[in-house]
Each structure stands twice: as C-alpha cells, then as structure tokens.
Amino acid sequence: MSKTRDLIQSAQRTIRLEVEAVQGLMPHIDADFVRACEMILASKGRVVVVGMGKSGHIGNKIAATLASTGTPAFFVHPAEASHGDMGMITRDDVILALSNSGSTNEIVTLLPLIKRLGIQLISLTGNPQSPLAKAAEVNLNVHVEHEACPLNLAPTSSTTAALVMGDALAVALLEARGFTAEDFAFSHPGGALGRRLLLKVENVMHAGQELPQVQRGTLLKDALMEMTRKGLGMTVILEADGRLAGIFTDGDLRRTLDRAIDIRSATIDQVMTAHGKTARPEMLAAEALKIMEDHRINALVVVDEEDRPIGAFNLSDLLRAGVM
C-alpha cells in the first residue's frame, strides 16, 4: 500500500509542477510574443526550428504543428546544420531556436553565421540573459522555477512549458492567417480528419442507374421492388416534371405496416415522406452527416439547383468512406 501511495503522490506532484509551469507562461505572452508572431507573418520564407536533446524533440513537434496549421516550417538538427544542413536555410527564413539554458553549444556555434546571413532569429529559452536570448531579435521566455524531476535535472516542466509556448505561437498564427478547417484538411489528406473535411457528397452518393426512383402514383409493392433492386433501403419519388416529391425508406415501411395499410393496393403517395431532407452534391460529406444525425435519418437525397434528384446515399456509404 505504501509503495502504491508513493507512486500516486509522485505522479500527482509531477502534474502539479507542470501545471504551475504552464500557468507561469501567462505573463510572458506579451509584446515579445506579438513581435515574434509579426516577424513570422511578415516572412517570405519558412520557420526553421532548431534544438538539441529534449529541446530538439519539442522543436520537432512545434515545427510539425506550425506546418499543419498554415505556417510553413521544418526542423533542422543544429549539429547537422554545422555539417552542411545550414544550406537548407535561406535569408528569407525565420529561425526559432529552442534551448532552456540558452547556452547550448551546438546552437551558439551557429549564431555568428545566422547573423552574417541576416536571418531573423527568435529564441525560446528559460534564461533571458543567455547568449542565445541576447543574440535573438526577440526572446520567448519559458522560464520555470522547478523541473518536475525531484533532482531538478531532467527536462520535464521546462520541456512542457516550451511545448505549450510553441502551441500558443502556432494557434495565434493560425487565427491571424484565417486558417480554415478545409485548409487543415489539405495538410492532412491521408488521415481520418482529411476524409471528414475534404470528402464531398458527390464522392459518396449513388447516381444514375444506381439511384432508386419511382413516379408519383406508383404502387407501393412496385416501389418496394425498386428498393430491393437498388439495395439502398430507400427510394426517391418523382413529380411528373422530375422534381423531388418525396422519399420512402425502410423506416417508412415499418411505420406503414403499423398503420395496417394494404401494401398490395396502396400507392407510394399515401405512405411517402413528402419531400424530406436533402443534400447538394458540393456539400461536404461531414455536413450531410450532421443533417442526418440532427434529424435521426439514415438516408439523404441529393438534388441539383432545380430540386431534381441526382443521387442518394445512406449512413453505410458514409461509414465505408471513413466519414464516421
């Protein structure tokens, strides 16, 4: 029991110290932070993030977050920069250098070259009086009082603070650029987020001969045969001019049976849902899913600008497409 209690108390202490470290960043979101944002927004190049050790791991993540939220960025290992990778950096770029001490040799070694090339430098350090901070046009102060490590040695609270400052920078830039959900999707085309944000209704709907459809006045039994042939669990009902009159689904069939209607003699007009909810082909599939969820329906008819049915899809189609 004592060991269990010690483990829990250690973990809680770590979380508490790291929360305090993050809260300590609030006073440092100041004019320097605004200037750093303005430098990046005005840049014609990329944000080049550098950092050694644990700061390098945090720098990698910051670069990835910037790149995926509208700010072109990549990570360069400072030791490799001294052996050729400096050639990846142009005069139009902005360097974001991470070092808690601000005295990391591999980064300090690069400072004369950065200055000679006239590349703008933003530092992210825990020591505003360090060589790195003094060499930078602007310093983002991520000083923490204590590491979560009981020896006050292993980078823990300091790396958390650096990571959160990087997120704050990325999100501030995202909002300043007017970055949209669709922009985000273009940065993530292969993942579930990309599918949800890029896929349109026209990409998932059944059209042409696959679209189940009958005319007004059709016998219900014939409409059921059309539903069976097309396998969508629904059929579209058309007006004489081809516009949408209504929709009949498996759910409508169950409600029809509850009403004791003779399915051999009834017409589709007696049992259909008049018009019903619709989607447009250019609509995002995720928007269509929201309509279906809000109205608790399993299928949608897709109509053109003249309200003529051109397709239909159901929840299974969205599931297969990875939208839900």
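The chain carries the name Arabinose 5-phosphate isomerase in an unreviewed UniProt entry, which gives Pseudomonas hamedanensis as its organism. Under Subunit (unreviewed entry), UniProt gives the following word-for-word description of the chain: "Homotetramer."

Asks: Sorry, what's going on with the overall build of the chain here?
Replies: Check the secondary structure of the chain and you find 16 helices and twelve strands. Against the compact-globule benchmark of 20 Å for 324 residues, the chain has a radius of gyration of 30 Å, which places it well outside the compact range. Summarising its shape, the C-alpha atoms of the chain cover approximately 90 × 60 × 35 Å along the three principal directions. Relative to all contacts within the chain whose residues are 6 or more apart in sequence, the contacts with residues 24 or more apart total 63%. Computed over 32 positive and 38 negative side-chain charges, the separation of the two mean positions in the chain equals 3 Å.

Asks: Please clarify how the UniProt feature "binding site: Zn(2+)" (unreviewed entry) in the chain should be interpreted in this entry.
Replies: UniProt tags His 77 as "binding site: Zn(2+)" (unreviewed entry). Along the chain, His 77 falls in the loop between β2 (73-75) and α4 (78-81). We classify His 77 as partly exposed; its relative accessible area is 32%. A polar contact is formed between the side chain of His 77 and the backbone nitrogen of Ala 79, at a distance of 3.1 Å.

Asks: Help me understand the pairing of strand β3 (residues 94-99), please; the structure alone is not making it clear to me.
Replies: Every regular strand shows the same layout, with side chains that alternate between the two sheet faces. Counting buried positions along β3 yields six of six residues, so the element is predominantly enclosed. Where burial is concerned, the two faces of β3 agree: the one with Val 94, Leu 96 and Leu 98 and the one with Ile 95, Ala 97 and Ser 99 are both buried. With five bridges connecting them, strand β1 (residues 47-51) and β3 associate as parallel partners. If you follow Val 48 over to β3, its bridge partner there is Ile 95. Pairing analysis gives six bridges linking β3 to strand β4 (residues 120-125), with the strands arranged parallel. Bridging across to β4, Leu 96 finds its partner in Ile 122.

Asks: Would you mind showing me how to read unusual backbone geometry here?
Replies: Excluding glycine, residues mostly carry a negative phi; peptide bonds, for their part, are mostly trans. Despite not being glycine, Asn 152 shows a phi value in the positive range, around 60°. Considering the arrangement of structural elements, one finds Asn 152 in the loop between β5 (138-141) and α8 (157-177). Positive phi, close to 65°, is recorded for Asp 307, a residue that is not glycine. Here Asp 307 is to be found in the loop between β11 (299-303) and β12 (309-314).

Asks: Looking at this structure, I do not really get the layout of surface pockets. What am I missing?
Replies: Over the atoms rolls a probe the size of a water molecule, and its path tells where empty space is left. The calculated volume of the largest pocket comes to roughly 400 Å³. Lining the largest pocket we find 20 residues, and of these Thr 249, Arg 255, Ile 297, Asn 298 and Ala 299 sit closest to its centre. Those elements giving two or more residues to the lining of the largest pocket turn out to be β8 (244-249), α13 (250-258) and β11. Per-element accounting of the lining of the largest pocket gives the leading share, five residues, to α13. Of the residues assigned to the lining of the largest pocket, the class counts are six nonpolar, eight polar and six charged.

Asks: Help me understand the pattern of salt bridges, please; the structure alone is not making it clear to me.
Replies: A side chain with one charge may pair with a side chain of the opposite charge, provided their charged atoms come close. For the structure on display, the rule yields 15 salt bridges. With a closest N to O distance of 2.8 Å, Arg 255 and Asp 252 form a salt bridge. Pair noted here: Arg 255 and Asp 252 are both in helix α13, with a separation of three residues, about one helical turn. Exposure remark for Asp 252: the relative accessible area of 6% places this residue in the buried category. Between Arg 320 and Asp 317 there is a salt bridge, with the nearest N and O atoms lying 2.5 Å from each other. Of this pair, Arg 320 and Asp 317 both sit in helix α16 (residues 315-320), three residues apart, which is roughly one turn of the helix. Classification of Arg 320 as exposed rests on a relative accessible area of 62%.

Rules behind the numbers
- Residues numbered from 1 in each chain as written.
- Predicted model: local features only at pLDDT ≥ 70, side-chain atom pairs only at ≥ 80, totals over all residues.
- Heavy atoms only, no water.
- UniProt positions renumbered as here; feature names shortened; annotations may be inferred.
- Helix = DSSP H or I, 4+ residues; strand = E, 2+ residues; numbered from the N terminus.
- Rg over C-alpha atoms; globule rule 2.2 N^0.38 Å.
- Contact = heavy atoms within 4.5 Å.
- Lys, Arg positive; Asp, Glu negative; His and termini not counted.
- Charge placed at Lys NZ, Arg CZ, Asp CG, Glu CD.
- Buried < 20%, exposed > 50% of the residue type's maximum accessible area, 1.4 Å probe, protein only.
- Polar contact = N/O pair within 3.5 Å; in protein donor to acceptor, adjacent residues only side chain to side chain.
- Pairing = 2+ DSSP bridges.
- 1 Å grid on protein atoms, 1.4 Å probe; cavity = no way out; pocket = protein on both sides within 12 Å on 5 of 7 lines; lining within 4 Å.
- Points joined across faces, edges and corners; volume = space filled by probe spheres on them.
- Nonpolar A, V, L, I, M, F, W, Y, C, P; charged D, E, K, R; others polar.
- Salt bridge = Lys/Arg side-chain N within 4 Å of Asp/Glu carboxyl O.

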